[in-house]
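Architecture and fold: a report
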Amino acid sequence: MESMNIAALYIAVNVLIIVLLSVRVVGGRTAKRISLGTGDDKDMEVRIRSQANATEYIPIGMISLVVLVVLGAPNWILHTLGGAFTLGRIIHPIGMAGPLIARQLGTVFTWTGLLGFAAALIWFAVA
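Described below are features of the structure shown in this document. What you are looking at is a predicted structure, and each value in this text was computed from that prediction instead of being measured.

A few points about helix α1 (residues 3–32)
For α1, spanning 30 residues, the distance from its first C-alpha to its last is 44 Å, which sits close to the expected 44 Å at 1.5 Å a residue. Among the residues making up α1, those that are buried are Ile-6, Ala-7, Tyr-10, Asn-14, Ile-17, Leu-21, Ser-22, Val-25 and Gly-28. Where α1 is buried, its residues contact α2 (42–71) and α3 (75–97). Just downstream of α1, Arg-33 is the residue with a positive phi angle, here 55°.

See below:
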């Protein structure tokens, strides 16, 4: 698999995560007839924050991944960091409405991926 294909794979999965979370927000708004904000509904707050959290983290993670491709990072680094980050993005929203450990693990994988991206970007930028 070529490095840009690896990036495209992780980008596609993360785009699907955002779309799924967005559909959950829209579905909740429709079902509960809430046009703006949470309507003081706890479930809507969880849905909105899950989507917002994804839109806060995913862009910088995917930009980092593409820059690593451009800098010539090996495929194993792209898979390791892209996989850890994406796993975190999958697990985190599960924990927003479910077991706290899922949210915590999602955060750990997301931050590990981001810190790994930062370290690799620095390494390949000065190498």
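Further notes follow.
A few points about unusual backbone geometry
Positive phi is not limited to glycine here, since Arg-33 has a value of about 55°. Look at Arg-33 and you get exposed, because its relative accessible area is 77%. Although it is not a glycine, Asp-40 adopts a positive phi angle of roughly 55°. With respect to the helices and strands, Asp-40 occurs in the loop between α1 and α2.

Looking at the environment of Val-15
With respect to the helices, strands and loops of the structure, Val-15 is situated in helix α1. Overall, the relative accessible area of 45% leaves Val-15 in the partly exposed class. Residues Val-15 and Gly-61, 46 residues apart in the sequence, show an inter-C-alpha distance of 12 Å.

Thresholds, definitions, all that
Along each chain, the written sequence defines residue order, and numbers are assigned to residues from 1. Per-residue local features of the predicted model are confined to residues with pLDDT of at least 70, and side-chain atom pairs are confined, for both listing and counting, to 80 or more; whole-chain, interface and lining totals are unaffected and use all residues. The basis for every side-chain value is the complete set of heavy atoms in the structure, and neither hydrogens nor water enter the calculation. The secondary structure listing takes helices from DSSP runs of H or I that are at least 4 residues long and strands from runs of E that are at least 2 residues long, numbered from the N terminus. A helix is expected to reach a length of 1.5 Å times the quantity of its residues less one. For the exposure calls, accessible area comes from a 1.4 Å probe over protein chains only, and a residue counts as buried if that area is under 20% of its type's maximum, exposed if over 50%, partly exposed in between. Any two residues whose heavy atoms approach within 4.5 Å are treated as being in contact.

Everything listed is a geometric property; what it means functionally is a separate question.
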